[in-house]
Amino acid sequence: MKAIIVCTSVSHGNTKRIADVMGHALDARVVAPDQIDAAELAGYDLVGFGSGIFLGSFHTQLREFVEALPQEPRRTAFIFATSGFPEARFQRFSRPMAKLLEQKGFEVTGTFSCRALDTYAPFKLVGGIRKDRPNGADLAAARTFAERLRTQVAA
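Keep in mind the model is a prediction, meaning the values are calculated, not measured.

1. Describing the pairing of strand 1 (residues 3-8)
Of all 6 residues that make up strand 1, 6 are buried, and the element is covered over most of its length. Going residue by residue along strand 1, you find Ala-3, Ile-5 and Cys-7 tucked away on one face and Ile-4, Val-6 and Thr-8 tucked away on the opposite face as well. Looking at chain direction, strand 1 and strand 3 (residues 46-54) are connected through 6 bridges and run parallel. When the bridges of strand 3 are listed, Thr-8 appears paired with Ser-51. Pairing of strand 1 with strand 2 (residues 29-31) involves 3 bridges; the strand directions are parallel. The partner of Ile-5 across the bridge, within strand 2, is Val-30.

Encoded structure:
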């Protein structure tokens, strides 16, 4: 199985830490959207897309990359995110990204998110929230998620 992870990590490196753990478990390269040509994705069995969550959405750079992908039959994808707050049941931040990826021809096989340091606006005044995240348990959960994906896609 050949895998790659497309990741935007801009604030504190939290998402990149998660991507690196997943990349190690999947033997996958981790790249930013501007480091890969969209046509290259066709050569991968599994593609991960991840970023931090900003005002309830994935980072603009990642969204624009996915929006620019041509619509064509593709393989399997997964989504991951880091956020100061958990995904709300009534407004999941992963749903719009999953829908967009499906429109582009991917089969979205799973999502992963964990808490992370958040210094947005008022939280910056107190040094941020979730200062200890992602922690060892988050990284272990990311590794387990990726290992499960590897088994699932290879089957």
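2. What to know about the nonpolar core
Counting 24 residues, the largest nonpolar core has Leu-41, Phe-49 and Leu-101 as its most contacted members. Among the secondary structure elements, those contributing two or more residues to this core are strand 1, strand 3, helix 2 (60-68), strand 5 (76-83) and helix 3 (94-103). When neighbours within four sequence positions are excluded, Phe-49 is seen to be in contact with Val-6, Leu-41, Leu-62, Phe-65, Val-66, Ala-77, Phe-78, Ile-79, Phe-80, Leu-101 and Phe-106. In this structure, Ile-5, Ala-19, Cys-114 and Leu-139 belong to the second largest nonpolar core, which totals 20 residues.

3. As for the confidence of the model for the protein chain
Of all residues in the protein chain, 81% attain a pLDDT of 70 or more, and the chain-wide mean is 85. When pLDDT is averaged over each helix and strand of the protein chain, the minimum, 84, is found for strand 4 (residues 57-58) and the maximum, 97, for strand 2.

4. Considerations on the packing of helix 2 against helix 3
Between helix 2 and helix 3, whose axes approach to 9 Å, the crossing angle comes to 25°. The angle between helix 2 and helix 3 places the two elements in the roughly parallel class. The interaxial crossing formed by helix 2 with helix 3 has left-handed handedness. Across the interface between the two elements, Leu-62, Arg-63, Val-66 and Glu-67 of helix 2 pack against Met-97, Leu-100 and Leu-101 of helix 3.

5. Looking at the side chain of Thr-82
When you line up the elements, Thr-82 lands in strand 5. Within the local environment of Thr-82, its side chain forms a polar contact with the side chain of Thr-15, the two groups lying 2.6 Å apart.

6. A short note on the packing of aromatic side chains
Within the structure shown, the criterion is met by 4 aromatic pairs. Pairing Phe-49 with Phe-106 gives two aromatic rings, centres 5.5 Å apart and planes at 75°, and the pair type is edge-to-face. In this pair, Phe-49 is assigned in strand 3 and Phe-106 in the loop between helix 3 and strand 6 (107-115), connecting sequence segments 57 residues apart. Phe-106 shares its class with Phe-49; the two are buried. One aromatic cluster in this structure is built from Phe-78, Phe-80, Phe-112 and Phe-145. Geometry around Tyr-44 places Lys-2 over its ring, the cationic atom sitting 4.8 Å from the centre.

7. What about helix 3?
An α-helix turns once per 3.6 residues; consequently, residues spaced three or four apart project the same way. Among all positions of helix 3, only Ser-94, Met-97, Ala-98, Leu-100 and Leu-101 are buried. Axial view of helix 3: buried residues confined to an arc of 160°, hence all on one face. Residues Pro-96 and Lys-99 are exposed on helix 3 and point more than 90 degrees away from its buried face. In this structure, the buried residues of helix 3 make contact with strand 3, strand 4, helix 2, strand 5 and strand 6. Downstream of helix 3 by one or two residues, Gly-105 has phi in the positive range, about 105°.

About the criteria used
- Residues numbered from 1 in each chain as written.
- Predicted model: local features only at pLDDT ≥ 70, side-chain atom pairs only at ≥ 80, totals over all residues.
- Heavy atoms only, no water.
- Buried < 20%, exposed > 50% of the residue type's maximum accessible area, 1.4 Å probe, protein only.
- Helix = DSSP H or I, 4+ residues; strand = E, 2+ residues; numbered from the N terminus.
- Pairing = 2+ DSSP bridges.
- Core = buried A, V, L, I, M, F, W, Y, C linked by side-chain atoms within 4.5 Å.
- Contact = heavy atoms within 4.5 Å.
- pLDDT = per-residue confidence, 0-100.
- Axes fitted to C-alpha atoms, helices over the stretch in contact; angles between N-to-C directions.
- Parallel < 35°, antiparallel > 145°, perpendicular 65-115°, else oblique.
- Left-handed = near helix turned anticlockwise from the far one by under 90°.
- Polar contact = N/O pair within 3.5 Å; in protein donor to acceptor, adjacent residues only side chain to side chain.
- Phe/Tyr/Trp six-rings, centres within 6.5 Å; stacked < 30°, edge-to-face > 60°.
- Lys NZ or Arg CZ within 6 Å of the ring centre and 35° of its normal.
- Arc of directions from axis to C-beta.

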